[in-house]
Amino acid sequence: MIVTKFGGTSMASAEQFRKVKSIIDENPARQVVVVSAAGKKNSSDIKITDLLYTLHTHLVYGVPYDDIWGMIAGRYLEIAKELELDCDIEADLKKIKNELGKNIDQNYLISRGEYLSAKLMSAYLGFDFVDSKDLIRFTYSGAVDIERSEQNTKKAFSRRGKIVVPGFYGAYPNGEICLFSRGGSDITGSYLARFLNARVYENWTDVPGTLTADPRIVDNPKTISQITYTELRELSYMGANVLHEDSITPVQEKNISINIRNTNEPSCPGTIIKRECNDDSSVITGISGKKDFVSFDILKDHMSTEIGFTRRVLEIFEDYKINVEHIPTGIDSVSVIVSGTSVGSNMYDIVARIESELGARVNAKKELALIAIVGRNMVGKSGICAKVFASLSAVGINIKMIAQPPDETNIIVGVDNSNYKKAIRALYEDFEKANWI
Ligand code: ASP
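Residues numbered from 1 in each chain as written. Predicted model: local features only at pLDDT ≥ 70, side-chain atom pairs only at ≥ 80, totals over all residues. Heavy atoms only, no water.

Help me get a handle on the overall build of the protein chain, residues and values and all.
When its secondary structure is counted, the protein chain shows 14 helices and 16 strands. Its C-alpha atoms give the protein chain principal-axis dimensions of roughly 75 × 50 × 40 Å. Going through the 437 residues of the protein chain one by one, you find that 51% of them count as buried. Taking contacts inside the protein chain between residues at least 6 apart in sequence as the whole, the part at least 24 apart equals 74%. Put simply, the protein chain shows about 20000 Å² of open surface, and 46% of that area lies on carbon and sulfur atoms. Between the centroid of the 52 positive side chains of the protein chain and the centroid of its 57 negative side chains there is a distance of 2 Å. (Helix = DSSP H or I, 4+ residues; strand = E, 2+ residues; numbered from the N terminus. Buried < 20%, exposed > 50% of the residue type's maximum accessible area, 1.4 Å probe, protein only. Contact = heavy atoms within 4.5 Å. Areas by Shrake-Rupley, 256 points an atom, 1.4 Å probe, with all protein chains shown as cover. Lys, Arg positive; Asp, Glu negative; His and termini not counted. Charge placed at Lys NZ, Arg CZ, Asp CG, Glu CD.)

Encoded structure:
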């Protein structure tokens, strides 16, 4: 069997619902359908989840909310009407509306976007609706209770067969709603694929697949046909965002492939994500990156002989619950690179602590961008760094940091924020010329 997940744009209108139905009807193995809340119909539209967040803010501040509620309800009513659905969506909407004034739980309210989408889709496909609060169970610390969720899912599937499940949420042990992070319907689909041992997890979206670079930076980047879980995690971690980063591990552990597909072009094969790929037609799988890192450059004479120095530095970052991204070292110097958002307003406190507790000099530099060049076929191949350096030097970009993990599937370079886009374009162009990407 196949678990499918349809994102917000696939749920945005009656026309998109029709496309989803024809995809599901085309293959009877597509027995489980996970849906997002209705997304944007066009670029000026607002996603239902965003409207629900705004609605909640209005409720908290006691501001009139009828217009926003009208927009939310209107979207679902319009789809139901156009598809002539035989389901009482009006009753569901009425129930939610009645609850609005009564100190409504925020997670519950936000989750209603997915809930209503699933109600409509189940009626349209003729599949059973199963509420994800009865499938995905969380512990009070917010982790998925795998054992319990697996039991629930297997039971519901064997009892009902073909089902539609809202993505994005589950429930705490007391039944209250718990949300995944934004974009989390991908994670719901991944868990269901894992629990039901799906042949493949199909993630239907509005792009042809995972792209070799950010299309806002590079014109017409190619679509990646095959990519390993590790490569995708590296690209997603560094900013590529076709799939929620946390949706990879649940299926990866069971070796279930993910297939990214485009609802608007169902005949395209999309991108396959799996443990091992045999396609070696390109050296570089993709390029991604992020801006706004901070580099704490730490200098101290004879640091190299001071055992425990790096540990003591890292403990300071741990105290602030800051995730350390990279630690390039010299002989008597070390840099600690972290994301700017995680540092927030603590930058000067951290500098002061390192200086006073370790007797070192610290220079904290902001506005560092990191670019990841990812590719399983780079492993053991000479000349990759040579090309990266040549490309960047040809356009006058200074490299501020270099890192390569031990498995050689990734080369990370740090450049000034201001050079970020220029660097990605230069690299992409040169890789393309060499037929490497
Ligand atoms: N609707 C939620 C969001 O916009 C979850 C999702 O679509 O995956 O983040």
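Residues and numbers for the pattern of salt bridges, please.
A full pass over the atoms with the stated rule returns 24 salt bridges. The residue glutamate 150 makes a salt bridge to lysine 154 at a minimum N-O spacing of 2.7 Å. Of this pair, glutamate 150 and lysine 154 are both found in helix H6 (residues 146-160), four residues apart, which corresponds to roughly one turn of the helix. Under the relative-accessibility criterion, lysine 154 is labelled partly exposed at 42%. Residue lysine 300 is joined to glutamate 306 by a salt bridge in which the shortest nitrogen-to-oxygen separation is 2.8 Å. A residue is classified by how much of its surface remains accessible, and glutamate 306, at 25% relative accessible area, is partly exposed. Salt bridges here are not isolated pairs; linked through shared partners, they connect Glu26, Arg30 and Glu202. (Salt bridge = Lys/Arg side-chain N within 4 Å of Asp/Glu carboxyl O.)

Can you break down the sheet that holds strand S7 (residues 200-205) residue by residue, with the values?
Pairing in this open sheet of eight strands is mixed, and the strands run S3-S4-S2-S1-S7-S9-S10-S8 from one edge to the other. Among the strands making up the open sheet, the edge pair consists of strand S3 (128-129) and strand S8 (226-228). Where strand S2 (residues 30-35) lies against strand S4 (residues 163-166), four bridges are found, and the strand directions are parallel. Paired with valine 35 across the bridge in S4 is proline 166. In the packing of helix H8 (residues 229-237) onto the sheet, the strands contacted are S8, strand S9 (257-262) and strand S10 (271-274), and the crossing angle to S8 comes to about 85°. (Pairing = 2+ DSSP bridges. Axes fitted to C-alpha atoms, helices over the stretch in contact; angles between N-to-C directions.)

Just give me the short version of the nonpolar core, but keep the residues and values in it.
Membership of the largest hydrophobic core comes to 92 residues, with the highest contact counts inside it found for Leu55, Ile72, Met121, Ile136 and Leu192. Considering every element that reaches this core, the biggest residue donor is helix H5 (residues 106-125), with 10 residues. Setting aside chain neighbours within four positions, we find leucine 55 in contact with Tyr65, Ile68, Trp69, Ile72, Leu100 and Leu109. Grouped together as the second largest cluster of nonpolar side chains are 25 residues, Ala213, Ile397, Ile411 and Trp436 included. (Core = buried A, V, L, I, M, F, W, Y, C linked by side-chain atoms within 4.5 Å.)

A description of the packing of aromatic side chains should follow, citing residues and the corresponding values.
Applying the stated criterion to the full structure yields nine aromatic pairs. Geometrically, the ring pair formed by phenylalanine 6 and tryptophan 204 is stacked, given 5.9 Å between the ring centres and 15° between the ring planes. Here the residue phenylalanine 6 occupies a position in strand S1 (residues 2-6), and tryptophan 204 occupies one in strand S7, the gap between them amounting to 198 residues. Side by side, phenylalanine 6 and tryptophan 204 carry an identical accessibility label, which is buried. (Phe/Tyr/Trp six-rings, centres within 6.5 Å; stacked < 30°, edge-to-face > 60°.)

Mind laying out the sheet that holds strand S14 (residues 361-374), listing which residues take part and the relevant values?
Taken in spatial order, the six strands make up an open sheet running S12-S13-S11-S14-S16-S15, and their pairing is antiparallel. Looking at strand neighbours, the two that pair on one side only are strand S12 (324-326) and strand S15 (401-403), the edges of this open sheet. Taking each pair of neighbouring strands and ignoring which way they run, the sheet shows an average axis angle of 35°. Where strand S11 (residues 286-299) lies against strand S13 (residues 333-339), seven bridges are found, and the strand directions are antiparallel. Within S13, the residue paired with phenylalanine 296 across the bridge is valine 336. Against the sheet, helix H10 (residues 309-319) contacts S11, S12 and S13, and its axis sits at roughly 25° relative to S13. In the packing of helix H13 (residues 384-394) onto the sheet, the strands contacted are S14, S15 and strand S16 (410-416), and the crossing angle to S16 comes to about 20°.

Describe unusual backbone geometry, listing the residues and the values that go with them.
In this model, asparagine 103 sits at a positive phi of 55°, which is unusual for a non-glycine residue. In this structure, asparagine 103 sits in the loop between helix H4 (89-100) and H5.

Summarise the pairing of S13; cite the residues concerned and give the values.
When you tally the buried positions in S13, you get six out of seven residues, the bulk of the element. Looking at chain direction, S12 and S13 are connected through two bridges and run antiparallel. Paired with histidine 326 across the two strands is isoleucine 337, which belongs to S13.

Just give me the short version of the environment of isoleucine 256, but keep the residues and values in it.
If you trace the backbone, isoleucine 256 turns up in the loop between helix H9 (248-252) and S9. Sequence separation between isoleucine 256 and tyrosine 201 is 55 residues; the distance between their C-alpha atoms is 7.0 Å.

Can you explain the side chain of serine 339? Please cite residues and give values.
Inspection of the secondary structure assignment puts serine 339 in strand S13. With relative accessibility at 17%, the residue serine 339 sits in the buried group. Aside from chain neighbours lying at most four places away, what touches serine 339 is Asp292, Phe293 and Glu325.

Note that all results are geometric; they support no functional claim without further evidence.
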